[in-house]
Amino acid sequence: MKGLKIVVLAKQVPDTRNVGKDAMKADGTVNRAVLPAIFNPEDLNALEQALRLKDKYPGTEITLLTMGPGRAAEIIREGLYRGADNGILLSDRAFAGSDTLATSYALSCTLKKMGKIDIIIAGRQAIDGDTAQVGPQVAEKLGFPQITYAEEVVSAEKGKIVIKRRLERGVETVEGTLPIVVTVNASAPECRPRNAKYVMKYKHARAVSEMQNADEDYILLHNNRPYLNIGEWSVNDIETKAEELGLTGSPTKVKAIENVVFQAKEAKVLEPTDADMGELMKELIANHTIG
């Protein structure tokens, strides 16, 4: 069998474990400049599924696609360190402030330009939005079938893909046709660690915007080793309608932002005795928590 062409949709997200008072801008968008940036966790789960397919089907090529500012190239390097083959950074001020609809539009236009693709795989959702909409919206715009909540890609051959899905009440195995969009749960296996050989090979990989202040020797290094050049596309490199990009193309508007502080409620300590357990059951029945 011929190898697969896989695109992993990945996002650099603010670390929501370190959210402070300046985390949001006045227009309701995330102030990414003040938050540490990380590889979206479920996108790493998706990358691992792509890497497992590459292990299983020789000749498979994995491309990471991310949309964001120049610093988002960092997650493409992370993908290269783990076994991806190349990456594309979609970066332009025209994309700033995009909601899921504008993001999926820009990504789908980019994917169309990339040509034949067998599998587009992404995390179920990003931790800075938790919408789980971008993957399905990309599938809709491309006219591809989709399988969501994937926990394991069992096989992908002869134009068919078999996937195990993790749902609320159990696991189901489904089959789809290629090309297809797959979104992956956090319950899928964690991504493998960096490979030392790949780190040494790609540690100097840079996107065009990162090379603006590079010295002559560094530019010469990149000219001699083309694999170090991370693809960087702007709005001029893909066919789009300006009114469907960025804030203009984003119907989602943030009306208000509220900081919520959770307070610990009064706790009750029970002894492991039949009497205490009986009293607890009576109380739960009386306030209709159970029964």
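What counts as what
- Residues numbered from 1 in each chain as written.
- Predicted model: local features only at pLDDT ≥ 70, side-chain atom pairs only at ≥ 80, totals over all residues.
- Heavy atoms only, no water.
- Salt bridge = Lys/Arg side-chain N within 4 Å of Asp/Glu carboxyl O.
- Helix = DSSP H or I, 4+ residues; strand = E, 2+ residues; numbered from the N terminus.
- Buried < 20%, exposed > 50% of the residue type's maximum accessible area, 1.4 Å probe, protein only.
- Phe/Tyr/Trp six-rings, centres within 6.5 Å; stacked < 30°, edge-to-face > 60°.
- Lys NZ or Arg CZ within 6 Å of the ring centre and 35° of its normal.
- Contact = heavy atoms within 4.5 Å.
- Core = buried A, V, L, I, M, F, W, Y, C linked by side-chain atoms within 4.5 Å.

The protein chain carries the name Electron transfer flavoprotein beta subunit/FixA family protein in an unreviewed UniProt entry, which gives Labilibaculum euxinus as its organism.

Below, the discussion takes up the pattern of salt bridges. Where side chains of opposite charge bring their charged atoms close, a pairing between them can arise. Per the stated rule, a full pass over the model turns up 15 salt bridges. Between arginine 192 and glutamate 48 there is a salt bridge whose closest N-O contact spans 2.9 Å. Taken as a pair, arginine 192 in the loop between strand E10 (180-184) and helix H5 (196-202) and glutamate 48 in helix H1 (residues 41-56) lie far apart in primary sequence, 144 residues in all. Note on arginine 192: relative accessible area 26%, which makes it partly exposed. The shortest N-O distance in the salt bridge between aspartate 55 and arginine 192 comes to 3.1 Å. Here arginine 192 lies in the loop between E10 and H5 and aspartate 55 lies in helix H1, a separation of 137 residues in the sequence.

Across all of its chains, the model carries one aromatic pair by this definition. For the pair tyrosine 202 and tyrosine 227, a centre-to-centre distance of 5.9 Å together with 90 degrees between the ring planes defines the contact as edge-to-face. Remark: tyrosine 227 occurs in the loop between helix H6 (216-224) and strand E12 (229-233) and tyrosine 202 occurs in helix H5; sequence separation between them is 25 residues. By relative accessible area, tyrosine 227 is classed as partly exposed at 37%. Note that lysine 113 overlies the ring of tryptophan 233, its terminal NZ or CZ placed 4.6 Å from the centroid. Taking the ring centre of tyrosine 227 as reference, the NZ or CZ of lysine 201 above it sits at 5.1 Å.

One can find leucine 53 in helix H1. C-alpha separation for the pair leucine 53 and serine 155, spaced 102 residues apart in sequence, amounts to 7.7 Å. Ignoring sequence-local partners within four residues, the contact set of leucine 53 consists of Leu4, Ile6, Thr60, Ile119, Val153 and Ala156.

For the rest of this paragraph, the subject is the environment of lysine 54. With respect to the helices and strands, lysine 54 occurs in helix H1. Each C-alpha atom of the pair lysine 54 and glycine 3 lies 7.9 Å from the other, and the pair is 51 residues apart in sequence. When near neighbours in sequence (up to four residues on either side) are disregarded, lysine 54 contacts Thr60, Ile62, Gly83 and Asp85.

Let us look at the nonpolar core. With 41 residues, the main nonpolar core has Ile6, Ile62, Leu64, Ile119, Ile121, Ile161 and Val182 as its most contacted residues. Elements supplying a minimum of two residues to this core: strand E1 (5-9), H1, strand E4 (61-67), helix H2 (73-82), strand E6 (119-123), strand E7 (146-157), strand E8 (160-167) and E10. It is H1 that contributes the most residues to this core, six residues altogether. Listed in part, the 24 residues of the second largest apolar core include Leu90, Ile120, Ala122 and Val235.

The peptide bond linking leucine 178 to proline 179 adopts the cis configuration, its omega dihedral lying at 0 degrees. Tracing the backbone shows proline 179 in the loop between strand E9 (170-177) and E10. We note that tyrosine 149 has phi near 60 degrees; this positive angle belongs to a residue other than glycine. Structurally, tyrosine 149 can be placed in strand E7. When its relative accessible area of 38% is taken as the criterion, tyrosine 149 is described as partly exposed. Here the phi dihedral of lysine 158 falls at roughly 55 degrees; this positive angle occurs in a residue that is not glycine. Here lysine 158 shows up in the loop between E7 and E8. Using a relative accessible area of 81% as the deciding quantity, one classes lysine 158 as exposed.

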